[in-house]
Amino acid sequence: MLKIEVKDGEKIERALKRYKRKVRNVKLHDQLRNNRYFTKPSVERRKQLEKAAYKEQYLNELEND
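The sections below set out a description of the structure shown in this document.

Definitions and limits used
Residues numbered from 1 in each chain as written. Predicted model: local features only at pLDDT ≥ 70, side-chain atom pairs only at ≥ 80, totals over all residues. Heavy atoms only, no water. Helix = DSSP H or I, 4+ residues; strand = E, 2+ residues; numbered from the N terminus. Polar contact = N/O pair within 3.5 Å; in protein donor to acceptor, adjacent residues only side chain to side chain. Contact = heavy atoms within 4.5 Å. Expected span 1.5 Å × (residues − 1). Buried < 20%, exposed > 50% of the residue type's maximum accessible area, 1.4 Å probe, protein only. Arc of directions from axis to C-beta.

1. A short note on the side chain of Arg 18
Here comes step 1: Structurally, the position occupied by Arg 18 is in helix α1 (residues 12–26).
Here comes step 2: Here Glu 10 takes part through its side chain, which lies 3.1 Å from a polar atom of the side chain of Arg 18.

Structure representation (structure tokens):
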């Protein structure tokens with residue numbers, strides 16, 4: 001559980017911005033989304049390999065342009 005203490009004289013919008021940044025940095029939302037359903041290790045590995053291949057292809061295209 002993330003806690004954000006609102007400092008004296010601090011606007012609530014600013015505190016909310018800090019909270020959102022902490023949530024994004026901790027990747028809490030991603031973890032919740034990933035834990036919603038069970039995915040087999042082989043499927044996770046396949047997705048990682050596909051993502052790496054896509055990224056490599058993208059970088060090669062940038063390099064060649």
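Once you've had a look at it, read on.
2. What about unusual backbone geometry?
The bulk of non-glycine residues show a negative phi, and the bulk of peptide bonds are trans.
Here comes step 1: The backbone of Lys 27 shows a phi angle near 60°, a positive value even though the residue is not glycine.
Here comes step 2: Structurally, the position occupied by Lys 27 is in the loop between α1 and α2 (28–34).

3. A word on the side chain of Glu 10
Here comes step 1: Summarising the element assignment, Glu 10 is placed in the segment before α1.
Here comes step 2: Among the polar contacts listed, one links the side chain of Glu 10 to the backbone nitrogen of Lys 7, at a separation of 3.0 Å.
Here comes step 3: Excluding its chain neighbours within four sequence positions, the residues that come into contact with Glu 10 are Glu 5, Ala 15 and Arg 18.

4. Some points on α1
Here comes step 1: Given a rise of 1.5 Å per residue, 15 residues ought to cover 21 Å, and the 21 Å separating the end C-alpha atoms of α1 matches this to within 8%.
Here comes step 2: Taken together, the buried positions of α1 are occupied by Ala 15, Arg 18 and Val 23. Seen from one end, α1 has its buried residues packed into an arc of 135°, which puts them on one side. Residues of α1 that are exposed and angled more than 90 degrees away from the buried face: Glu 13, Lys 17, Lys 20, Arg 24 and Asn 25.
Here comes step 3: Among the structural elements, α2 are those in contact with the buried residues of α1.

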